[in-house]
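# Descriptive analysis of the structure
For reference, the chains in residue letters:
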Amino acid sequence: GRGAVHVQRGTNITASQEANRKTFTAANDALDRFCQSTGFRFEVFIEHAIGRGEATRQRFERNSEGWIHYFGADLEDAAIDAAEQERAQGNLPSEMRFVRKADIGNAQLLVDAITAADVSTEGAVMLVGNGFHEIRGQSDERMVDVFSAYERAGILLLFTEENALSVD
């Protein structure tokens, strides 16, 4: 049953990155259009369930927004290790910060790490590919609570996968 499932993403990081490349491009395109049409500006870009950092790599290459604080977060050390390798190879911003043991179902862990870096989460953008389906104890009420926690922190949340809600 659902209660016994735990996803080990370490061996699946590359496959996850390839699968997300197209959807991250679409999400980054949509973010660009949103910013252009509304005048919205952001200084913080977060990729949660980071894998190798494909969404961040794309955002970093565009970087038309000027200065951006980049954060990558994941529950699994293997994903952060892979993203750190990508940063070392110059594929991710050299100043990018990483948050380990970041359970996507607990927004406060991420918020605390960002504020500890003396950066505000208000108006931040968080892009998630694979992540919300990994939250334990999923129910509509639980997922609404998770999304609300990110909203209270002022984070604009974009995701390209199933949202773990029981409704479309």
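Treat the numbers as computed from the prediction; the structure is a model and nothing was measured. (Residues numbered from 1 in each chain as written. Predicted model: local features only at pLDDT ≥ 70, side-chain atom pairs only at ≥ 80, totals over all residues. Heavy atoms only, no water.)

### Some details on the nonpolar core
Test applied: Within this scheme, the nonpolar core is defined by two criteria: the residues are buried Ala, Val, Leu, Ile, Met, Phe, Trp, Tyr or Cys, and they are joined through side-chain atoms within 4.5 Å. Three labels apply to residues, based on accessible area from a 1.4 Å probe with only protein chains included: buried if under 20% of the type maximum, exposed if over 50%, partly exposed otherwise in between. The secondary structure listing takes helices from DSSP runs of H or I that are at least 4 residues long and strands from runs of E that are at least 2 residues long, numbered from the N terminus.
Within the largest apolar cluster, 22 residues are counted, with the highest numbers of intra-cluster contacts made by Ile46, Leu110, Met126, Tyr150 and Ile155. At the level of elements, strand E1 (44-48), strand E2 (69-73), helix H4 (107-116), strand E4 (125-128) and helix H5 (140-152) are the ones that each hand at least two residues to this core. Residues Ala55, Ile68, Tyr70 and Leu127 belong to the second largest nonpolar core, which totals 18 residues.

### Section: the pattern of salt bridges
Selection rule: By convention in these notes, a salt bridge is any Lys or Arg side-chain nitrogen within 4 Å of a carboxyl oxygen on Asp or Glu.
Using the criterion set out here, one finds 11 salt bridges in the structure. Asp32 is paired through a salt bridge with Arg62; the nearest N and O atoms lie 2.5 Å apart. Here the residue Asp32 occupies a position in helix H1 (residues 13-38), and Arg62 occupies one in helix H2 (residues 54-62), the gap between them amounting to 30 residues. The class of Arg62 is partly exposed, set by a relative accessible area of 25%.

### Here we look at the packing of aromatic side chains
What counts here: Working definition: rings of Phe, Tyr and Trp (its six-membered ring) pair if their centres are within 6.5 Å, and the pair is stacked with planes under 30 degrees apart, edge-to-face with planes over 60 apart, and tilted otherwise.
This model, assessed by the stated rule, comprises 6 aromatic pairs. Aromatic pair Phe34 and Phe40: ring centres 5.5 Å apart, planes at 50°, arrangement tilted. Take Phe34: its relative accessible area is 37%, and that puts it in the partly exposed class. Exposure remark for Phe40: the relative accessible area of 23% places this residue in the partly exposed category. A centroid spacing of 5.5 Å and a plane angle of 5° characterise the contact between Phe147 and Phe159, whose relative ring orientation is stacked.

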